[in-house]
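Residue-level structure breakdown
One letter stands for each residue in the lines below.
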Amino acid sequence: MISTAVILSALELGCIYALVALALFLSFRILNIADMTTDGSFTLGCAVSATIAVAGHPILALPVAMAAGATAGFVTAALQTRFRIPSILAGIITNTGLYTVNLAVMGFSSNVNMLKTPTLFSLLKPTLGAGFKLIPAALISILAGLLLAAFLKTRLGLSIRATGDNPDMVRASSINTAFTVTVGLCIANAMTALSGAVLAQYQKTADINMGTGMVIIGLASLIIGETILPKGKTLVKILGAILGSIVYRFIIAIALRLDLPSECLKLISAVIVALAIGLPALKAARKGEN
Amino acid sequence: MLKLTNVTKTFARGTVNEKTALAGIDLHLEKGDFVTVLGSNGAGKSTLFGAIAGTFLPDTGSVILDGRDITRLPDYKRSKHIGRLFQDPLKGTAPGMTIEENLALAYMRASAHTSPFSMISKADRAEFRDRLATLGLGLENRMDQPVGLLSGGQRQALTLLMATLVTPQLLLLDEHTAALDPATAEKVLQLTKTIVSTHGITCLMITHNIPSALSLGNRTIMMNAGKIVLELSGKTRKEMTAEDLLQAFHDQSAISDRMLFSAGC
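How each quantity is defined
Residues numbered from 1 in each chain as written. Chains lettered and ligands numbered in written order. Predicted model: local features only at pLDDT ≥ 70, side-chain atom pairs only at ≥ 80, totals over all residues. Axes fitted to C-alpha atoms, helices over the stretch in contact; angles between N-to-C directions. Helix = DSSP H or I, 4+ residues; strand = E, 2+ residues; numbered from the N terminus. Parallel < 35°, antiparallel > 145°, perpendicular 65-115°, else oblique. Left-handed = near helix turned anticlockwise from the far one by under 90°. Contact = placed C-beta atoms within 7 Å. Pairing = 2+ DSSP bridges. Buried ≥ 20, exposed ≤ 12 C-beta atoms within 10 Å, placed from the backbone. Nonpolar A, V, L, I, M, F, W, Y, C, P; charged D, E, K, R; others polar. Core = buried A, V, L, I, M, F, W, Y, C linked by C-beta atoms within 7 Å.

Residue and element names in this part refer to chain A. Remark: helix H1 (residues 4-30) packs on helix H6 (residues 134-151), axes separated minimally by 9 Å, with the N-to-C direction vectors making an angle of 20 degrees. Put simply, H1 runs roughly parallel to H6. The handedness of the crossing between H1 and H6 is left-handed. On the side of H1, the interface is formed by Leu-8, Leu-11, Glu-12, Cys-15, Ile-16, Ala-18, Leu-19, Leu-22 and Leu-26, while H6 contributes Leu-134, Ala-137, Ala-138, Ser-141, Ala-144, Gly-145 and Leu-148.

Right, let's talk about the sheet that holds strand S4 (residues 60-65) of chain B for a bit. Residue and element names in this part refer to chain B. Ordered in space as S2-S1-S4-S5, the four strands form an open sheet in which the pairing is antiparallel. The open sheet has two edge strands, strand S2 (19-29) and strand S5 (68-69), and neither has a second partner. Sheet topology places strand S1 (residues 2-11) next to S4; five bridges connect them, and they run antiparallel. Across the sheet, the residue bridging to Thr-5 is Ser-62, located in S4. Helix H1 (residues 45-53) rests against S1, S2 and S4 of the sheet, and its axis sits at about 65 degrees to S2.

All right, on to the sheet that holds strand S6 (residues 82-85) of chain B then. Residue and element names in this part refer to chain B. Overall, mixed pairing links the six strands, which are arranged S6-S7-S8-S3-S9-S10 in an open sheet. The sheet is open, and its two edges are formed by S6 and strand S10 (227-233), each paired on a single side. Shown here is a sheet whose adjacent strand axes are inclined to one another by a mean of 15 degrees, direction ignored. Pairing of strand S7 (residues 170-174) with strand S8 (residues 203-206) involves four bridges; the strand directions are parallel. Its bridge partner lying in S8, Leu-173 is registered against Met-205.

Residues and elements named next belong to chain B. Structurally, Val-188 is set in helix H6 (residues 182-199). Here Val-188 falls in the buried class, since 24 other C-beta atoms lie within 10 Å of it. The spatial distance from the C-alpha of Val-188 to the C-alpha of His-176 is 8.6 Å, given a sequence separation of 12 residues. Each residue touching Val-188, except ones within four places of it in the same chain, is listed here: Gly-153, Gln-156, Ala-157, Leu-160, His-176, Thr-177 and Leu-180.

A word on the interface of chain A and chain B. Contacts between the two partners involve 17 residues from chain A, matched on the other side by 22 residues from chain B. Listing elements by their share of the side of chain A that touches chain B, those giving two or more residues are helix H7 (155-165) and helix H8 (167-171) of chain A. The element best represented in the side of chain A that touches chain B is H7 of chain A, accounting for seven residues. In the side of chain A that touches chain B, the residues fall into six nonpolar, six polar and five charged.

On to the nonpolar core. Ranked by size, the top nonpolar core spans 84 residues in total, and within it Ile-16, Leu-19, Ala-21, Leu-22, Leu-194 and Ala-197 of chain A carry the most contacts. Broken down by element, the residue count for this core peaks at 16 residues, all from H1 of chain A. Discounting residues that sit within four places of it in the chain, Leu-19 of chain A has contacts with Ser-141, Ala-144, Met-191, Thr-192, Leu-194 and Ser-195 of chain A. Core analysis: the second largest hydrophobic core is formed by 75 residues, Ala-172 of chain A together with Ile-52, Ala-94 and Val-196 of chain B among them.

Remember that the coordinates give geometry; whether it matters functionally is a separate question.
Written as structure tokens, this is what we have:
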């Protein structure tokens, strides 16, 4: 029922979208901030990547897209820490502004076509053969995961974790929370943008709506990963996020095979996230009654 | 070492809730001084700590630590040199991080020469284990566990260790044993005594326990209505009994009560 091609593309997409799950692991789980910039910075990554690839630099496109994403994260962090705008609103403001920025990056067109443009994948095809899509996608997500795990053990990484874990403690320690929040959001949005950048080259197209609902998809992946793997160290959680993203893509592949209209997927994702985040509260309430 | 000159602070100035929390504090601590701070609720003890730690900026006056004017330095920069413990044992540690990670954070942020990307080494880990063992709570065998699993007393002892892992220039203890059961409180107090004397740390400790205010440290100050109203050290402190001090405490409170009531009429 499910062909090898379907499995392969689910794996590829899972690895690419895993970067968003990793970004949300950092912003949502570690910093305790629901970062609404995610949708916009994903599209920003797509737009920057596509535009630069069309100009003839598909590899350079990736770091530039990351820098653009980090800038978006910086704006959200600045709104939050300097102007004291509540974190969710700060993300929504940046996200709204990014819509225009993203259109501008694509030359005020709602999509960019890369059908005849060399991409990261087409460049690697002669050397990698059949795995020319999966190998780079998997390498990028695994490398990002390992780097994130190592970073979270450094002094700065530990400070970022403490910022989300115990704000009281952080206020009494020599940690500047404005700084840790800013660094955290910059890294998270750089990863989100990288995800978008790789996806645009993978699909050979960039579209202004590619990032819509991305924050919920990322959270769903993250939560699926947390459910599959046992609670453990940071590295386990990071692997869980990557795994969760792959499982999510398989769920979608199966749903599409069952002729479920693709329009339904966002609703299903929303329900998964609402249930998964709400479940602990439901359990607690039931325990309280008994 | 620590020098406060004419530090004042009024909260909500110009409103009906105006409250003069510090009314001209002059305090001078020598290196190695261990000062216990007494005073009724609202006397300004915690505000005094806030002024030293940089939680807010004082209206007037200056705070000088080890020859450096820190009056306008933000709190997170001061805390590199000032360790602080609160009454609430949950305030000083990150529950979702392991004991080792909490110690690593405390160690690396206070060390002068670490880069933002430095990590703890095997040697550091061994050092943490040794220092944890000195607490006598068996925490050295649980370094991989999240701090959230520890009891309040264990967390407060760990916070104390974190604050002193790299010897701070000044240690502020804000009723750090008040939320613990008597046996645990005694244990944490003994640990405080040992750690402070071993490293010769300059220390200010707020307490409501009059006997321990006299028995711990080498100086005692009493605060009332934002002022230091009594200073004890040396011979006078030695000769002071808990009863006398309690009487002095009551006299001061009575004065402030009378002032309060007369102002009300």
